[in-house]
Amino acid sequence: QVQLDESGGGLVQAGGSLRLSCAASGVSSNEYSMGWFRQAPGKERDFVGGISWVSGRSTNLADSVKGRFTISRDNAKSTVYLQMNSLKPEDTAVYFCAARHGALVRRQDREWEHWGQGTQVTVSS
């Protein structure tokens, strides 16, 4: 059984930083790609970025977060991180961790098989 548990959300001022963590269980690090999505109130869930188990590098970061967010993974700890710097009020959302079997990172949320419960990030101006 796959379980994804996000943590690290909170309230931060604009320009600040947060690091989200996603602890994964039931997921083989060499079979699953991991992703991050976010959903602001009244909006659809949007792709933030993902990391392939093959490359181990952040891939396909959304344009809105490029240069500010990075994704990394620690396979020994079965944990994926989303480092968010230079946060803006428009980054306010619930952030979700996701996992999909395979090496490719997909931008559509329907392509991801497993989801965490989400963690709230609020950026004040």
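Each value, and the rule that gives it
- Residues numbered from 1 in each chain as written.
- Predicted model: local features only at pLDDT ≥ 70, side-chain atom pairs only at ≥ 80, totals over all residues.
- Heavy atoms only, no water.
- Helix = DSSP H or I, 4+ residues; strand = E, 2+ residues; numbered from the N terminus.
- Core = buried A, V, L, I, M, F, W, Y, C linked by side-chain atoms within 4.5 Å.
- Buried < 20%, exposed > 50% of the residue type's maximum accessible area, 1.4 Å probe, protein only.
- Salt bridge = Lys/Arg side-chain N within 4 Å of Asp/Glu carboxyl O.

1. Some details on unusual backbone geometry
Positioned with a positive phi, Ser78 is a non-glycine residue whose angle comes to about 55 degrees. By the secondary structure assignment, Ser78 is in the loop between strand E7 (69-74) and strand E8 (79-84). One non-glycine residue, Ser86, lies in the positive phi region at around 50 degrees. Residue placement: Ser86 occurs in the loop between E8 and strand E9 (93-101).

2. Quick notes on the nonpolar core
Judged by nonpolar contacts, the single largest core of 28 residues is most densely connected at Leu4, Met34, Trp36, Phe69, Leu82, Met84 and Tyr95. Elements that contribute at least two residues to this core include exactly strand E3 (18-25), strand E4 (32-39), strand E5 (45-51), E7, E8, E9 and strand E11 (119-124).

3. Concerning the pattern of salt bridges
In this structure the tally under the stated criterion is 4 salt bridges. A salt bridge links Asp109 to Arg45, with the shortest nitrogen-to-oxygen separation between them at 3.4 Å. A residue pair is termed long-range when its members are at least 10 positions apart, and Asp109 in the loop between E9 and strand E10 (114-115) and Arg45 in strand E5 qualify at 64 residues. Overall, Arg45 belongs to the partly exposed group, its relative accessible area being 26%. For Arg68, the salt bridge goes to Asp91, with nearest N and O atoms at 2.7 Å. Taken together, the residues span a long stretch of sequence, with Arg68 in the loop between strand E6 (58-59) and E7 and Asp91 in the loop between E8 and E9 at a distance of 23 residues. Note on accessibility: Arg68 and Asp91 belong to one class, buried. Counted as one network, the salt bridges with shared partners bring together Arg38, Arg68 and Asp91.

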